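Topology and contacts: notes
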Amino acid sequence: MSDADLCYTPATELAAMIRAKKLSPVELTRAVLARIEKVNAALNAFVTPTPELALADARRAEDAVMKGGALGPLHGVPYSIKDLAFTKGIRTMSGSHIFATRLPDVDAPFVTRLRDAGGVMLGKTATPEFGWKGTGDSPLTGSTRNPWNTAMTTGGSSAGAGAAAAAGLGPLHHGSDGAGSIRIPSAFCGIYGLKPSYGRVPMWPVSNNDYSSHNGPMTRTVADAALMMSVLAGPDDVDRTSLPGPVDDYVGKLRAGVRGLRVAFSPNLDTLRVDPEVAAAVRDAARVFESLGCVVDEVKTNFAPSDDMIRMMWNVHEAGNYAGYLPEFRDRMDPGLVESIEDGMRYSVVDYVDMRGRKLAYWDSVRPLFETYDLLLTPSLSVGAFTCGRINPEHWPQPSNKWDWMAWASFSYPFNFTGQPAASAPAGFTPTGLPVGLQIVGRRFADLTVLQASAAFEEARPWAQRRPPEPT
């Protein structure tokens, strides 16, 4: 096996090889670090690589294997953490000059879990400033580029995780999703990303955006996502919004299949614009579920209008969280974020509470569909990846402001409002060779069902063997 093949090998296979003493964790880690050094300049996926830490973790893992010590489920397997998540003693910049030198004194709970499971920490991956937008550039760290075409965006905000997974820079990558930030780069980069149920993976600090942020895996295969979820998921008292109870057996039950499930397919959530090449690929992917034994119906979703809801609440949260930094840092912040903050500041408390009431009632318009159907299939996004540095595709209407990126990503945020599990799985390619994503949405708390459906789809339409060209 060449080093490149090793870097693209799934975590499930790597873990088994390490346990069987057929693969050295140190050799694996050196191969991945060498690949990061080779291609990261072209992609800008990692903003804080931690090679010394990675090799130290790998040596400990190898020592445990050779001495018959306890081995965790990720023993010796490399992973990365998005630069929004706190990592003890490792720079956590959030893509912003404001926190360019921040060294947290605590890990987020899922970071501790990955380490305790025997994983090897590769470093921190890129995000736009504070994860505020659906594209992958930051005033501090620059643009992250799509491995399938480096002139194109990865999407955001888990931009570096998407690029790293697609380019074989390790098998396991952490992402977070407040309005699509796992699913957007997963779709643009041709990988698998799962936004679990809200609270399934605990976080600290808890995001101050009205219970909309989810942490989850971004991987090349569904089995790797299930493996990572088996470590990430479960309650923690530091996050009082984390879900109680035991974690499902995501790994053991992954291959149960989906025969007999009722599946709704919506090509446009009734009203959304979708580029024809994306629509065609997603429709073709949805038909696969019939061959898997599902009953598939094309439906009208009849969800309540939500476009004004996301635009108002998103900007109000940005204002509430970051307006205090404008006097000192305005000139060093993303101009779009500055305009988002300023737009959010024009709303009153009465406006916000009224809109929050609408958000809470939004579930009443979504719930009826899932009382009939087990899953909903939609496009992950309305478009394929577009040019780096833009906030909207060239061929779409251009807003008069610098902050409104939501129109082409409007399949995502409804399921942050509802907290349901939702994944993006590779569904094909546009005629120009850019990936297209299929969104798979489950009932409340049905993370296992979403993973099972994703695994069945992947088995019918495998994607991981196709690699992007080597970046230059």
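What comes next concerns the included structure.

Analysis parameters
Residues numbered from 1 in each chain as written. Predicted model: local features only at pLDDT ≥ 70, side-chain atom pairs only at ≥ 80, totals over all residues. Heavy atoms only, no water. Phe/Tyr/Trp six-rings, centres within 6.5 Å; stacked < 30°, edge-to-face > 60°. Helix = DSSP H or I, 4+ residues; strand = E, 2+ residues; numbered from the N terminus. Buried < 20%, exposed > 50% of the residue type's maximum accessible area, 1.4 Å probe, protein only. Lys NZ or Arg CZ within 6 Å of the ring centre and 35° of its normal. Salt bridge = Lys/Arg side-chain N within 4 Å of Asp/Glu carboxyl O. Expected span 1.5 Å × (residues − 1). Contact = heavy atoms within 4.5 Å. Pairing = 2+ DSSP bridges.

**Section: the packing of aromatic side chains**
Within the structure shown, the criterion is met by 18 aromatic pairs. Both rings, one in phenylalanine 188 and one in phenylalanine 386, keep their centres 5.9 Å apart while their planes meet at 85 degrees; by these two values the pair is edge-to-face. Linking phenylalanine 188 in helix α7 (residues 183-189) with phenylalanine 386 in the loop between β13 (375-379) and α14 (414-418), this pair joins segments that are 198 residues apart in sequence. Both residues of the pair, phenylalanine 188 and phenylalanine 386, count as buried. One aromatic cluster is present, formed by Phe99, Phe130, Tyr322, Tyr325 and Phe329 through successive ring pairs. The aromatic ring of phenylalanine 99 is capped on one face by arginine 102, whose charged end is 4.0 Å from the ring centroid.

**A word on the pattern of salt bridges**
According to the stated counting rule, one finds 24 salt bridges in the structure shown. Here arginine 367 ties to aspartate 364 by a salt bridge, and the two come within 2.9 Å at their closest N and O atoms. Of this pair, arginine 367 and aspartate 364 both sit in helix α13 (residues 349-372), 3 residues apart, which is roughly one turn of that helix. On the basis of relative accessibility, which here comes to 31%, the residue arginine 367 falls in the partly exposed class.

**So, helix α9 (residues 276-291)**
Relative to the 22 Å expected for 16 residues at 1.5 Å per residue, α9 spans 24 Å between its end C-alpha atoms, a close match to the ideal helical length. Considering only its buried residues, α9 is in contact with β11 (262-265), β12 (295-298), β13, β14 (422-429), β15 (435-442) and α15 (447-460). Phi turns positive, to about 95 degrees, at glycine 293, one or two residues after α9.

**Remarks on the pairing of strand β10 (residues 214-219)**
Within β10, 6 of the 6 residues are buried, which leaves it mostly tucked inside the rest of the structure. For strand β8 (residues 172-177) and β10, the ladder comprises 6 bridges, and the chain directions are antiparallel. Across the sheet, residue serine 176 finds its bridge partner in β10, namely asparagine 215. Looking at chain direction, strand β9 (residues 192-195) and β10 are connected through 2 bridges and run antiparallel. Among the inter-strand pairings, tyrosine 192 is bridged to a residue of β10, identified as threonine 219.

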